[in-house]
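Observations on the model geometry
The primary structure of each chain is shown beneath.
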Amino acid sequence: MRGMTQELHIVGGGMAGSEAAWQAANMGVRVVIHEMRPKVKTFAHQTGNFGEMVCSNSFRSDDSEQNAVGLLHWEMRQAGGLIMQTAQTHRLPAGGALAVDREAFAQSVTDALTAHPNILISNEEITELPSEGQWIFATGPLTSAALGEAIQHETGADRLAFFDAIAPIVYAESIDMSVAWRQSRYDKGETDAEQKAYLNCPMTKDQYEAFIDALLAAEKTEFHEGETAGYFDGCLPIEVMAERGRETLRHGPMKPVGLTNAHKPEQKPYAVVQLRRDNALGTLYNIVGFQTKMKYGAQASVFKMIPGLENASFARLGGIHRNTFLNSPTLLDAQMRLRSRPNIRFAGQVTGVEGYVESAAMGLLAGRMAASEILGRPLPEVPQDSAHGALIHHITGGAEAKTFQPMNVNFGLFRPLEGLRGGRRGRRDRYKGYTDRAKAVWEVWLAQQGVDGQAAE
Ligand SMILES: Cc1cc2nc3c(=O)[nH]c(=O)nc-3n(C[C@H](O)[C@H](O)[C@H](O)COP(=O)(O)OP(=O)(O)OC[C@H]3O[C@@H](n4cnc5c(N)ncnc54)[C@H](O)[C@@H]3O)c2cc1C
């Protein structure tokens, strides 16, 4: 067999590690999976199986024409992905979603990896970043404490987070600019772009009071058992701020000072909601300081009370979870290697993507990248217009490093298509345009590598 010169070590047998191992092993590379379960447990996993789904049993939408997650499904299927293949076998009826029998699914993933002639399994916790060999760390949102410390030691404490504090992200095109205006507080900044870096949505006193009432009344999500609420420094959920006093938000993230309503300069807003650009493309904006534990349904209706956001479309809603993740835009190169230690790659949720599907997708890429490096056969660049490409481009470069928070795949990460109608009316055609373009470039990328990544040399 070709390429048996160096083995690939993969730490973590979750969604990302399992997919990475499958891809690399199918390319002819010998793989060792180091998985700490069942010896060392996490608060969320229940078994020692690979590919365990810790909460929902759904891989979300399976629509590859109108949905970015469905498009990732499609791309992974085309690439012979283990997670999608196994999900298809254990599929349960769930409308347009890809839901599975979770136990049968994880058992099958485990069986497939265990039976693979190129894969060895070692049940142990890895607590260091090795200086030699090729490694992929796919240890997920619940990376063990000892390994977390080792990563922090390498990257600096402020580059590895243990909780996310996700503010909702809005598609720029859905913000009503006849209400919102561009301005940084006190016009701070050297350049025009800096001085107009934020979008501002003004509120009258009545609108503010109604907004606070809605925040207080909204349904909230509880932390999972074992998921301690250590988030209370510096990133309080907005509803908790509102509970502390009706004026708290007006003195915090919604303070109206240093801002003049460009549409109505004579009217002083009572409060202002600010949105900050979230990606280099300028297609996404996050609502500054609006991390929240409100349920998704409640978030959509409460945030649409904000003037200018009445018709907002959300690329991602807010949340706060126990979640270990790297500041990937500063730490990882385009090949998902740690810049300071290129023998180490990261994959999955720890790279700052969010969700089973996105994590498996980043595993697929990391597995192929590492195997190609071992085989001495450079992998063609992942096409940016595919769903995989849009996501990896975001986490390794397109995202704002300073405010980096985990990201789901969504069409806001895709390069805009010229000549298609904007706004809600054009949405169906636009999404079809994105998915057609993605499928075409993904097919080319796969064809360049040959069957199962065994590229023609
Ligand atoms: C409580 C909770 C609920 C969630 N609910 C959902 C949901 O409903 N839907 C969804 O899409 N996503 C959900 N997620 C996110 C989900 O966990 C991820 O999307 C997905 O599982 C991440 O895949 P991964 O491979 O990166 O990590 P995981 O699937 O978590 O796999 C990481 C693996 O690494 C192992 N590991 C960790 N540290 C070490 C070490 N030092 N040495 C060896 N092995 C180690 C772990 O045991 C684990 O098996 C949830 C996360 C949490 C914490």
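Keep in mind that this is a model prediction, so the values were computed, not measured. (Residues numbered from 1 in each chain as written. Predicted model: local features only at pLDDT ≥ 70, side-chain atom pairs only at ≥ 80, totals over all residues.)

1. Brief notes about the overall build of the protein
Helix and strand counts for the protein come out as 13 helices and 17 strands. Against the compact-globule benchmark of 23 Å for 457 residues, the protein has a radius of gyration of 23 Å, which places it among compact chains. For the protein, the spread of C-alpha atoms along the principal axes amounts to about 75 × 50 × 50 Å. Out of the 457 residues in the protein, the part that is buried amounts to 48%. When contacts within the protein are restricted to residue pairs at least 6 apart in sequence, long-range pairs at least 24 apart make up 72% of them. (Helix = DSSP H or I, 4+ residues; strand = E, 2+ residues; numbered from the N terminus. Rg over C-alpha atoms; globule rule 2.2 N^0.38 Å. Buried ≥ 20, exposed ≤ 12 C-beta atoms within 10 Å, placed from the backbone. Contact = placed C-beta atoms within 7 Å.)

2. A look at helix α11 (residues 356-375)
Side chains that are three or four residues apart share a direction in an α-helix, a result of its 3.6 residues per turn. Taking 1.5 Å per residue as the helical rise, α11 with its 20 residues ought to reach 28 Å, and the 28 Å between its terminal C-alpha atoms agrees with that figure. Burial runs high along α11: 20 of the 20 residues are buried. Of the residues flanking the end of α11, it is G376, one or two places downstream, whose phi is positive at about 70°. (Expected span 1.5 Å × (residues − 1).)

3. Considering helix α7 (residues 205-217)
Taking 1.5 Å of rise per residue, the 13 residues of α7 would be expected to cover 18 Å, and the 18 Å separating its terminal C-alpha atoms lies within 8% of that figure. Listed as buried for α7 are Y208, F211, I212 and L215. Across the axial projection of α7, the buried residues extend over an arc of 100°, all falling on one side. Looking at α7, the residues exposed on the side facing more than 90 degrees away from the buried face are D206 and A217. Looking at the buried side of α7, the elements it contacts are β11 (198-203), α8 (238-244), β12 (271-277) and α9 (296-303). (Arc of directions from axis to C-beta.)

4. A look at the domain arrangement of the protein
Assigned domains within the protein: domain 1 (7-159 + 326-448) and domain 2 (165-322). Centre-to-centre, using C-alpha coordinates, domain 1 lies 30 Å away from domain 2. Between domain 1 and domain 2, the residue contacts involve 20 residues of the former and 20 residues of the latter. Looking at the side of domain 1 that touches domain 2 residue by residue, the class counts come to 9 nonpolar, 9 polar and 2 charged. (Domains from an automatic or database assignment. Nonpolar A, V, L, I, M, F, W, Y, C, P; charged D, E, K, R; others polar.)

5. Remarks on the UniProt feature "binding site: FAD" (unreviewed entry) in the protein
Per the UniProt annotation, the sites labelled "binding site: FAD" (unreviewed entry) are G12, G13, G14, M15, A16 and G17. Structurally, A16 can be placed in helix α1 (residues 15-26). Classification of A16 as buried rests on a count of 35 C-beta atoms within 10 Å. Discounting chain neighbours no more than four positions away, the residues touching A16 are A138, A347, G348, S359, A360, M362 and G363. Relative to the assigned elements, G17 resides in helix α1. Taking the number of C-beta atoms within 10 Å as the measure of exposure, G17 has 31 and is therefore buried. Discounting residues that sit within four places of it in the chain, G17 has contacts with I10, V11, G12, I33, A138, G348 and G363. (UniProt positions renumbered as here; feature names shortened; annotations may be inferred.)

6. What to know about the packing of helix α2 (residues 68-78) against α11
Across the interface, α2 lies against α11 with an axial gap of 10 Å and an inter-helix angle of 35°. Considering only the axes of α2 and α11, their crossing is left-handed. Together, V69, L72, H73 and M76 of α2 and V357, E358, A360, A361 and L364 of α11 make up the contact between the two elements. Residue composition of the contact of α2 with α11, by class: 7 nonpolar, 1 polar and 1 charged. (Axes fitted to C-alpha atoms, helices over the stretch in contact; angles between N-to-C directions. Left-handed = near helix turned anticlockwise from the far one by under 90°.)

7. Considerations on the site of the ligand
Neighbouring the ligand are 35 residues; G12, G14, C55, G140 and G348 lie closest to it. Sorting elements by how many residues they give to the shell around the ligand places α1 first, with 3 residues. Residues that form the shell around the ligand fall into these classes: 14 nonpolar, 17 polar and 4 charged. (Near = placed C-beta within 6 Å.)

8. Concerning the sheet that holds strand β2 (residues 31-34)
The mixed open sheet is built from 6 strands, whose spatial order is β6-β2-β1-β7-β17-β16. Only two strands of the sheet have a single neighbouring strand rather than two, namely β6 (119-122) and β16 (337-338). Where strand β7 (residues 134-137) lies against strand β17 (residues 341-346), 3 bridges are found, and the strand directions are parallel. Within the sheet, the bridge partner assigned to I136 lies in β17 and is R345. (Pairing = 2+ DSSP bridges.)

9. Remarks on the environment of A218
One can find A218 in the loop between α7 and α8. Under the C-beta neighbour-count criterion, A218 is labelled partly exposed, with 18 such atoms within 10 Å. It is 6.5 Å that separates the C-alpha atoms of A218 and M294, two residues lying 76 residues apart in sequence. What A218 contacts, discounting residues up to four positions off in sequence, is E239, M294, A298 and V302.

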